[in-house]
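Remarks on the overall topology
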Amino acid sequence: MKFTLRWLREHLDTNADTKTIAGTLTRLGLEVENLHDPAAALRSFTVAQVLSAEPHPNADKLRVCTVDVGGEVLQVVCGAPNARAGMKGVFARTGSTIPGTGLHLKPAKIRGVESNGMLCSMREMGLSDEHEGIIDLPADAPIGKPFAEVLGLDDPVFEIKLTPNRQDCLGVRGIARDLAAAGLGTLKPLDAKAVPGGFKSPIGVRLDFTPQTASACPLFVGRHIRNVKNAPSPRWLQDRLRAIGLRPISTLVDITNLVTFDLDRPLHVFDADKVRGGIQARLARPGEKLHALDGKDYALDGEICVIADESGPLGLGGVMGGEASGVSETTRNVFIEAALFDPMRTAATGRRLGIQSDARYRFERGVDPAFVRPGMEVATRLVLELCGGEPSEVVVAGAEPDWRRSIQLRPSRVRDLGGLDLAEREQVRILEALGFAVKSDDDVLRVQVPSWRSDIHGEADLVEEVTRVYGYDAIPAVPLPRRPVVAKPAIDVGQRRVRAARRALAGRGLYEAVTPSFVSRAHAELFGGGADALVLSNPMSSDLDTMRPCILPSLIVAVGRNVAHGMNDVALFEVGPQYAGDRPGDQAAVAAGIRRGQSGPRHWSARPRDVDAFDAKGDAIGLLMALGFAVESAQLSDASPPWYHPGRSGVLRLGPKTLLAAFGELHPRVLAAMDVKGPLVGFEVYLDAMPIPKAKGTRARPPLAVSDLPSVERDFAFLVERQVSAEQITRAAKSADKELITEVRVFDVYEGAGVPEGRKSVAFSIRLEPKDRTLTEAEIDAVADKVVAAVVKASGGALRS
């Protein structure tokens with residue numbers, strides 16, 4: 001929102017300077033983003049008088065002028081046809097940079113004649129496109145004075161940043177009202193008296209809506225004005241619009257822009273001679289189109305509110321008018337529209353058609369519902385003043401919606417919520433200065449909200465208004481009480497696990513990926529999801545319409561993109577949420593990863609191999625160990641989820657119910673459905689399923705326990721049923737003597753000749769490490785007997801001879 005200082009002073013009686021006003025605006029929450037003084041860039045350009053203008057001796061179209069620049073007379077070569085003795089113009093000294101062209105002036109000789117400085121045109125000063133001659137200033141312009149002051153260009157421009165709830169400050173008057181409430185002046189009265197009509201409007205208006213769509217345009221006010229003259233607008237109006245970045249078009253159009261920015265009241269003017277029959281506000285009909293004022297054609301649908309006549313749509317309600325009924329220099333009769341439009345429908349229309357306009361910006365935030373008729377009267381007065389003409393009686397369709405509401409304010413709440421201990425009379429003064437009507441009733445203030453504050457709905461909003469105007473900087477700084485106890489950690493165990501998991505997986509050579517928590521429903525169904533409760537009602541795209549039941553599909557899609565770009569060896573991980581339902585507790589934190597291609601670096605000394613399920617198992621176990629979990633207490637089984645390859649995957653459990661991790665090669669059927677070339681291996685570690693450690697964590701390393709006594713290794717081979725896992729055997733062997741046996745390692749699994757059908761041979765070694773004595777042969781044999789007995793009992797197998 002932009003405005004100038006002089007514009008503001010038309011509504012606010014104040015002597016405050018620009019710095020004070022800017023500081024007060026920011027303090028009120030109307031943050032000043034920029035304060036531009038156009039006179040600063042034009043300070044070196046002054047008023048000068050041409051004393052003589054003689055023909056150039058060497059050029060027919062040039063003149064040699066002697067110029068009084070204020071205490072000094074200089075010679076200037078000028079090519080303007082209107083340069084003459086006695087005139088006053090704008091002089092640029094040597095060393096100046098011309099704003100309109102960027103030319104840097106230097107002492108020069110033009111066709112052999114010295115020239116010092118330059119007499120400037122409007123285009124060269126960046127004020128307009130006029131370049132027919134140099135600027136011709138009034139005869140009473142003081143010589144030597146900055147010309148910006150003479151032309152009234154020394155008017156600072158404020159640019160403020162508005163939050164969406166402050167729609168009332170989208171007009172200069174609303175800003176002036178806030179400044180007046182803050183004590184920076186007095187709000188001047190607004191002349192919105194009714195202008196009497198001299199005849200009945202030949203154009204009628206009506207609303208054509210059903211009861212369900214009546215909110216699209218609840219009120220439409222119009223007026224016919226005949227015999228107007230639509231010439232270029234006066235200089236003061238053009239300067240005001242240019243100052244805020246608008247291009248002057250014609251007096252009628254410029255008046256609508258002025259009222260929009262001055263009073264936050266968007267208007268539209270139709271060429272009445274181009275309107276066929278009466279005007280109606282209605283919803284567009286299928287197949288209708290509009291050629292808008294921006295020169296584009298728009299296809300309309302039944303959700304768009306249009307202003308139409310008998311021939312079809314004339315404009316988009318609250319967004320933009322149509323070119324067919326627009327005013328021009330030949331316009332003699334006009335019809336002015338002032339209406340209310342539904343904010344939601346206006347915003348939806350603008351988004352659907354891709355139109356940004358000043359009217360849409362205001363209507364979608366809500367305009368003053370009680371200022372429709374007064375806005376029409378202000379516009380009528382301006383048209384009569386600048387364009388002449390004769391106004392008709394006002395025509396009205398619909399009614400002003402009920403905006404009145406009363407809110408109770410307990411004065412003590414300003415202290416409790418806002419931190420300011422203000423007297424009741426000061427609170428009343430602030431609210432009344434903002435336009436609220438306040439009535440004291442015992443210990444409660446009953447506050448009537450003004451029509452222009454659609455953002456005020458509750459007591460807390462009133463507290464905010466009082467606090468904002470009085471000044472947030474006046475709120476005393478109150479230290480928080482010091483508590484004698486030690487504060488609880490700001491990061492809990494789950495948050496620490498997430499961070500530790502990221503570090504651990506990055507340390508294992510995987511790259512972190514950050515993907516959306518949404519996948520396509522087809523992909524979700526491949527991983528046990530896709531329930532209706534997890535389908536998004538307003539997805540960001542059609543292929544991201546469901547909350548993911550598993551992180552793996554997101555990573556698989558990412559791997560597929562990398563492969564499509566020629567990256568065949570990919571290792572990605574993500575630590576994030578996955579969703580089993582839409583109820584509390586259905587979200588889980590999971591660390592998942594995917595590997596594809598070859599494992600290990602490509603080097604002549606190492607033979608590369610393709611990744612397999614054991615790489616995924618190593619990632620899962622390595623992560624669990626990095627998070628402090630005792631992996632030896634977990635049970636391994638092959639009951640993996642259906643998106644893993646059967647026989648090439650497994651799970652780690654803590655007891656029969658708690659699933660800690662799943663890992664393995666991904667099922668080819670899943671990869672084919674996702675159109676990703678495999679094989680891929682992956683893992684999932686369920687961070688929330690890990691038990692919370694009872695002991696407090698420490699960074700101290702445990703003492704190094706190294707025995708000086710010789711260790712002993714013994715090898716064993718057992719015949720077991722094929723379904724018996726190696727983990728069952730190694731766990732049983734370890735349990736035979738937990739003090740002496742420090743390691744159990746499988747080194748061979750064999751099926752084939754010499755082994756009965758349906759059985760396999762599993763060979764493993766154990767390491768015995770004594771701590772206090774050298775083991776005797778008898779003690780070693782005793783431990784070996786315990787190992788054999790434990791494995792036979794656990795597996796049902798037999799020791800191979």
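What counts, and where the lines are drawn
- In this convention, every chain numbers its residues from 1, walking through the sequence in written order.
- In keeping with the model being predicted, local features are shown solely for residues with a pLDDT of at least 70 and side-chain atom pairs are shown and tallied solely at 80 or more, while totals for entire chains, interfaces and linings include all residues.
- As a rule here, side-chain values come from all non-hydrogen atoms in the structure, and water together with hydrogens is ignored.
- Only runs of H or I of at least four residues qualify as helices and only runs of E of at least two qualify as strands under DSSP, and these elements are numbered from the N terminus.
- Note on definitions: salt bridges are taken to be side-chain nitrogens of Lys or Arg within 4 Å of carboxyl oxygens of Asp or Glu.
- Only protein chains enter the calculation, and the probe is 1.4 Å; a residue is then buried if its accessible area is under 20% of its type maximum, exposed if over 50%, and partly exposed in between.
- Think of it this way: a Phe, Tyr or Trp ring, Trp meaning its six-membered ring, pairs with another when their centres are within 6.5 Å, and the plane angle makes it stacked under 30 degrees, edge-to-face over 60, tilted otherwise.
- Definition used: whenever NZ (Lys) or CZ (Arg) falls within 6 Å of the ring centre and also within 35 degrees of the ring normal, the charge is taken to sit over that ring.
- In this scheme, strands are said to pair when DSSP sees at least two bridges between them.
- Two N or O atoms count as a polar contact when they lie within 3.5 Å, although within protein this holds only if one can serve as hydrogen donor and the other as acceptor, and sequence-adjacent residues are included solely when both atoms are side-chain atoms.
- Contacts are assigned to residue pairs that have any heavy atoms within 4.5 Å of one another.
- Note on method: axes are straight lines fitted to C-alpha atoms, helices fitted across the in-contact stretch only, with angles between N-to-C directions ranging 0 to 180 degrees.
- Any angle that is under 35 degrees is reported as roughly parallel, and any over 145 degrees as roughly antiparallel; angles of 65 to 115 degrees are reported as roughly perpendicular and all others as oblique.
- Rotating anticlockwise by less than a right angle from the far helix to the near helix defines a left-handed crossing, while the corresponding clockwise rotation defines a right-handed one.
- Basically, the charged four are Asp, Glu, Lys and Arg, the nonpolar ten are Ala, Val, Leu, Ile, Met, Phe, Trp, Tyr, Cys and Pro, and anything else, Gly included, counts as polar.

1. Quick word on the environment of Ser-541
- Structurally, Ser-541 can be placed in the loop between helix H15 (521-526) and strand S30 (546-547).
- In the structure, Ser-541 is positioned 221 residues away from Met-320 in sequence and 29 Å away in space, judged by C-alpha atoms.

2. Section: the pattern of salt bridges
- This structure, assessed with the given rule, holds 51 salt bridges.
- One salt bridge connects Asp-136 with Arg-84, and the closest N-O pair in it is separated by 2.9 Å. Of the two residues, Asp-136 is situated in the loop between strand S10 (118-119) and helix H4 (147-150) and Arg-84 in the loop between strand S6 (73-78) and strand S7 (88-92); the sequence distance between them amounts to 52 residues.
- Since its relative accessible area comes to 41%, Asp-136 is described here as partly exposed.
- For Arg-84, a relative accessible area of 40% corresponds to the partly exposed category.
- A salt bridge links Asp-168 to Arg-453, with the shortest nitrogen-to-oxygen separation between them at 3.7 Å. Of this pair, Asp-168 sits in the loop between strand S11 (157-161) and helix H5 (172-181) while Arg-453 sits in the loop between strand S27 (444-448) and helix H13 (459-470), placing them 285 residues apart in sequence.
- A single salt-bridge network, built from bridges that share partners, covers Arg-166, Asp-168, Asp-178, Arg-453, Asp-455, Glu-465 and Arg-468.

3. Concerning the packing of aromatic side chains
- A full pass over the atoms with the stated rule returns 6 aromatic pairs.
- Aromatic side chains Phe-341 and Phe-363 sit 5.2 Å apart centroid to centroid with 85 degrees between the ring planes, which places their arrangement in the edge-to-face category. In this pair, Phe-341 sits in the loop between strand S22 (333-340) and helix H8 (343-353) while Phe-363 sits in helix H9 (residues 358-363), placing the two residues 22 residues apart along the sequence.
- Overall, Phe-363 belongs to the buried group, its relative accessible area being 4%.
- Centroid distance Trp-643 to Tyr-644: 6.4 Å. Interplanar angle 40 degrees. Geometry classified as tilted.
- Judged by relative accessible area, Trp-643 falls into the buried class, the value being 11%.
- Connected via pairs of aromatic rings, a cluster forms that spans Phe-527, Trp-643 and Tyr-644.
- Just above the ring of Trp-452 sits the side chain of Arg-177; from NZ or CZ to the centre is 4.0 Å.
- When the ring centre of Phe-199 is taken as reference, the NZ or CZ atom of Arg-226 above it lies at 3.7 Å.

4. Examining the pairing of strand S15 (residues 268-271)
- The two faces of S15 match: His-268 and Phe-270 on one face and Val-269 and Asp-271 on the other face are all buried.
- Sheet analysis places S15 next to S22, joined by 4 bridges and oriented antiparallel. Paired with His-268 across the two strands is Glu-337, which belongs to S22.

5. Describing the sheet that holds strand S41 (residues 759-768)
- Judged by pairing direction, the sheet is antiparallel, and its 4 strands sit side by side in the order S40-S41-S39-S42 without closing on themselves. Two strands lie at the open edges of the sheet, namely strand S40 (741-750) and strand S42 (798-799), each paired on one side alone.
- Of the strand pairs in this sheet, strand S39 (residues 712-721) and S42 are connected by 2 bridges, and their pairing is antiparallel. Bridging across to S42, Leu-719 finds its partner in Ala-798.

6. Notes on the side chain of Asp-155
- Locating Asp-155 in the fold gives a position in the loop between H4 and S11.
- At 2.9 Å, the side chain of Asp-155 and the side chain of Thr-4 are in polar contact.
- Filtering out sequence-adjacent residues up to four positions away, Asp-155 remains in contact with Thr-4, Leu-5, Arg-6, Trp-7 and Pro-38.

7. Points about the packing of helix H6 (residues 235-243) against helix H7 (residues 251-263)
- The N-to-C vectors of H6 and H7 enclose an angle of 55 degrees; their axes lie 11 Å apart at closest approach. On the basis of their axis angle, the class for H6 and H7 is oblique. Seen along the crossing, H6 lies across H7 with a hand that is left-handed. Contact with H6, carried on its side by Trp-236, Leu-237, Arg-240 and Leu-241, involves Asp-254, Ile-255, Asn-257 and Leu-258 of H7 and no other residues of that element.
- Taken together, the residues of the contact of H6 with H7 break down into 5 nonpolar, 1 polar and 2 charged.

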